[in-house]
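Structural overview for review
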Amino acid sequence: MSTQVFYFVATLSIIFSLMVIFAKNPIHSVLYLILTFFTFTVHYVLLNAQFLAVVNFIVYMGAIMVLFLFVLMLLNLNNETEPSKSPLIKIVGVIAGCCLVVTLVGSFKAATITSPLILKNPGLGLVENLGKELFGPFLLPFELSSLLLLAAMVGAVLLSKRDEVEI
Amino acid sequence: MDTGFIIEKFILVAVIFGISLVIAMYSTYAERKVAAYLQDRLGPDRAGPFGILQPLADGVKMFMKEEIIPTTSNKWLFIIGPGLALLCACIGTAVIPWGSPMEIGGKIVPLQVADINVGVLYIFGVVSLGVYGVMIGGWASNNKYSLLSAIRAASQNISYEIAMGLSIIALLLMTNTLSLKTIVEQQHGLNWNVWYQPLGFLIFMICSFAETNRAPFDLPECETELIGGYHTEYSSMKLGFYLFAEYINMFVSSAVMATLYFGGYNYPGMDYMATLLGPTWAPLFGVGVFFIKIVFFIFFFMWVRWTIPRFRYDQLMNLGWKGLIPLAIANIIITGVVIAIIEKF
């Protein structure tokens, strides 16, 4: 049951991710990206990582993508304003893409199918266990990353602050 | 997963869905009556006695009107917008515990669709998703005023979500759980969270006003500046969906406020009532009490709407970022310190 759901959702993730690239309109791209994130949320639920699922839902779908959409709506991008690319850049892009495909195919060929990994502790993704892990053995990295976020926030406020002299 | 379980949940979902729709329908009537009362008018009184058939008349009117899709709009997104708004408004009811488990024919039936152990965060996720309906609809209309309104809605929603989340954190420090069922069970009798978290409740309530786009925070549909806001181009039942979604949102956020801070289905003297009425009728009485609380909050929403004028946009942002967020952080610190002191001694 769970395996079939996984394959179904995984197919959807791939389709939506491709649509992000192929959509002509940037707003449509963002909307497909939101759908892709939604399928990721379902993947987390399937892995029994409820906290990660709901945080992915709130932070990525509910906040970051709203800001993406916000910015793109303000930019008002459409076909007329898009700069035309020179053929040289297109050729370079095709060559680079082919190189990537060759590398990926080569690496996948070398890989062997392993038996599915079974978690020692299936309840690890629940809020309580995750909190105990984060605030126990991983306290220092957790605090350091929060400090990093704080620094980024202060930086953003500083950058957006108007010069007092100009007013 | 047996069939009985699925049927039981299906009936529960259908009943909750029906009740939300009926309450939203009569909220439109109540809003007009409350407005009339506050402005010394009569309000709707033609359709049926006291005008109680007015919502039905409005519904028929909405369905019968001509449906216009602007030629320059993005057709699919124009249709998806109102649908998404209504969907996001409705799915919030899934995790709210409507009553204590009820005994029907020797079987204990929980009056909650899903008791997930991240219930509070689920509500939060649904709230943050709600803005997409407005944004997509406003953008797809291809109208400058709609777009401005959609952008206002998005920035307002994101700003007030932060303060809302912070005010919930202070509550979670006390309850030690994210499950709404457990949070309600902890507030037995009159042991409600609002006595311990008055400031948190105030911040949460102000933010719910902003998240549901209700006055004084209804800047996305500010008529004097934006014609009709994000639904300027909408007509017929699509417009109806947007208006309806607002009332369902109001219902759900009233239910969440009552659940988190006002004890949900708990009331003083509930143990006595439980022995008096037995395991079938006592939970139903609790559901009734819960709905009285919800109706009070819905009335409060309307009361505020017809009392306080709309904010200016910079006032809105100042209140959110410079007023509520620092207050909410101070609330978390005070709660944390008090809990640490209590645990120490």
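Cut-offs applied
Residues numbered from 1 in each chain as written. Chains lettered and ligands numbered in written order. Predicted model: local features only at pLDDT ≥ 70, side-chain atom pairs only at ≥ 80, totals over all residues. UniProt positions renumbered as here; feature names shortened; annotations may be inferred. Helix = DSSP H or I, 4+ residues; strand = E, 2+ residues; numbered from the N terminus. Buried ≥ 20, exposed ≤ 12 C-beta atoms within 10 Å, placed from the backbone. Contact = placed C-beta atoms within 7 Å. Core = buried A, V, L, I, M, F, W, Y, C linked by C-beta atoms within 7 Å. Nonpolar A, V, L, I, M, F, W, Y, C, P; charged D, E, K, R; others polar. Domains from an automatic or database assignment. Pairing = 2+ DSSP bridges. Axes fitted to C-alpha atoms, helices over the stretch in contact; angles between N-to-C directions. Parallel < 35°, antiparallel > 145°, perpendicular 65-115°, else oblique. Left-handed = near helix turned anticlockwise from the far one by under 90°. pLDDT = per-residue confidence, 0-100.

Going by the annotation in an unreviewed UniProt entry, the name recorded for chain B is NADH-quinone oxidoreductase subunit H, with Pedobacter psychrotolerans given as the source organism. As stated in UniProt under Catalytic activity (unreviewed entry), the record for chain B gives "a quinone + NADH + 5 H(+)(in) = a quinol + NAD(+) + 4 H(+)(out)".

For chain A, the name recorded in an unreviewed UniProt entry is NADH-quinone oxidoreductase subunit J, with Pedobacter psychrotolerans as its organism. Looking at chain A in UniProt, the text filed under Subcellular location (unreviewed entry) is "Cell membrane". Its UniProt record, at the heading Function (unreviewed entry), says of chain A: "NDH-1 shuttles electrons from NADH, via FMN and iron-sulfur (Fe-S) centers, to quinones in the respiratory chain. Couples the redox reaction to proton translocation (for every two electrons transferred, four hydrogen ions are translocated across the cytoplasmic membrane), and thus conserves the redox energy in a proton gradient."

**Overview of the overall build of chain A**
The number of helices and strands found in chain A is six helices and zero strands. N-terminal to C-terminal, the α/β element order of chain A is α-α-α-α-α-α. Looking at the 167 residues of chain A, the share that counts as buried comes to 12%. Taking all contacts inside chain A whose residues are at least 6 apart in sequence as the whole, residues at least 24 apart take part in 53%.

**As for the nonpolar core**
Counting residues in hydrophobic clusters, the biggest one holds 98 residues, and the most contacted among them are V54(A), A85(B), M135(B), A150(B), C207(B), I248(B) and F251(B). Considering each element in turn, this core owes the most residues, 14 residues, to helix α10 (residues 236–261) of chain B. Contact partners of A150(B), with chain neighbours within four places excluded, come to M73(A), V134(B), M135(B), G138(B), W139(B) and Y230(B).

**A short note on the interface of chain A and chain B**
Listed per partner, the contact involves 16 residues of chain A and 18 residues of chain B. Element by element, the count of residues in the side of chain A that touches chain B is highest for helix α3 (residues 50–75) of chain A, at 13 residues. Among the residues forming the side of chain A that touches chain B, the class breakdown is 14 nonpolar, two polar and no charged.

**Concerning the domain arrangement of chain A**
What the domain assignment lists for chain A is domain 1 (1–79) and domain 2 (126–166). If you average the C-alpha positions of domain 1 of chain A and of domain 2 of chain A, the two centres end up 24 Å apart.

**Points about the pairing of strand β2 (residues 107–111) of chain B**
Here four bridges tie strand β1 (residues 99–104) of chain B to β2(B), and the two strands are oriented antiparallel to one another. Across the sheet, M102(B) pairs through a bridge with V109(B), a residue of β2(B).

**Some points on the packing of helix α8 (residues 198–211) of chain B against helix α12 (residues 313–344) of chain B**
All names here are of chain B. Two elements in contact, α8 and α12, have axes whose closest approach is 10 Å; the angle formed by their N-to-C orientations is 150°. Here α8 lies roughly antiparallel to α12, going by the angle between them. Between α8 and α12 the crossing geometry is left-handed. Contacts between α8 and α12 involve L199, G200, I203, I206 and C207 from the first element and L324, L327, A328 and N331 from the second. Of the residues belonging to the contact of α8 with α12, the class tally is seven nonpolar, two polar and no charged.

**Observations regarding the UniProt feature "transmembrane region" (unreviewed entry) in chain A**
Residues and elements named next belong to chain A. Those residues carrying the UniProt feature "transmembrane region" (unreviewed entry) are residues 6–23, 30–51, 57–77, 89–118 and 138–159 in this numbering. Between the C-alpha atoms that bound residues 6–23 there is a distance of 25 Å. The span itself is 94% helix and 0% strand. The straight-line gap between the two end C-alpha atoms of residues 30–51 is 24 Å; of that span, 86% is helix and 0% is strand.

**Quick word on the environment of K181(B)**
All names here are of chain B. Tracing the chain through its elements places K181 in helix α7 (residues 180–186). Put simply, K181 and V95 are 86 residues apart on the chain and 8.5 Å apart in space, counted from C-alpha to C-alpha. K181 has contacts with P97, Q112 and D115, leaving out every residue within four places of it along the chain.

**Regarding the UniProt feature "transmembrane region" (unreviewed entry) in chain B**
With numbering matched to this structure, UniProt assigns "transmembrane region" (unreviewed entry) to residues 6–26, 76–99, 119–141, 162–180, 192–210, 239–262, 282–304 and 324–342 of chain B. The span residues 239–262 of chain B shows a helical share of 96% and a strand share of 0%, and its end C-alpha atoms are spaced 33 Å apart.

**Looking at the confidence of the model for chain A**
Caution applies to low-pLDDT regions: their predicted coordinates should not be interpreted in detail. Averaged over every residue, the pLDDT of chain A is 82; the share at 70 or more is 87%. Taken element by element, the predicted model of chain A shows its lowest mean pLDDT in helix α5 (residues 127–135) of chain A (82) and its highest in helix α6 (residues 139–160) of chain A (90).

**A short note on the environment of G123(A)**
Relative to the helices and strands, G123(A) resides in the loop between α4 (87–110) and α5. Along the sequence, G123(A) and L47(A) sit 76 residues apart, while their C-alpha atoms lie 9.7 Å from each other.

**Let's talk about helix α4 (residues 119–129) of chain B**
Across the eleven residues of α4(B), eleven count as buried, placing the element largely inside the fold. Along α4(B), the residues classified as buried are G119(B), V120(B), L121(B), Y122(B), I123(B), F124(B), G125(B), V126(B), V127(B), S128(B) and L129(B).

**Overview of the packing of α10(B) against helix α11 (residues 270–305) of chain B**
Residues and elements named next belong to chain B. Closest axis-to-axis distance for the α10/α11 pair is 8 Å, and the angle between their directions is 120°. Here α10 lies oblique to α11, going by the angle between them. Relative to α11, the crossing made by α10 is right-handed. Contacts between α10 and α11 pair M250, F251, S254, A255, M257 and A258 from the former with F290, K293, I294, F297, I298 and F301 from the latter. Class assignment of the residues belonging to the contact of α10 with α11 gives a composition of ten nonpolar, one polar and one charged.

**Regarding unusual backbone geometry**
Residue and element names in this part refer to chain B. In this structure, D40 takes a positive phi of about 60° despite not being glycine. Relative to the elements of secondary structure, D40 occurs in the loop between α1 (3–38) and α2 (54–64). Notably, N142 is not glycine yet its phi reads approximately 60°, a positive angle. Tracing the chain through its elements places N142 in the loop between α5 (131–140) and α6 (144–175). The partly exposed category is assigned to N142, around which 15 C-beta atoms lie within 10 Å.

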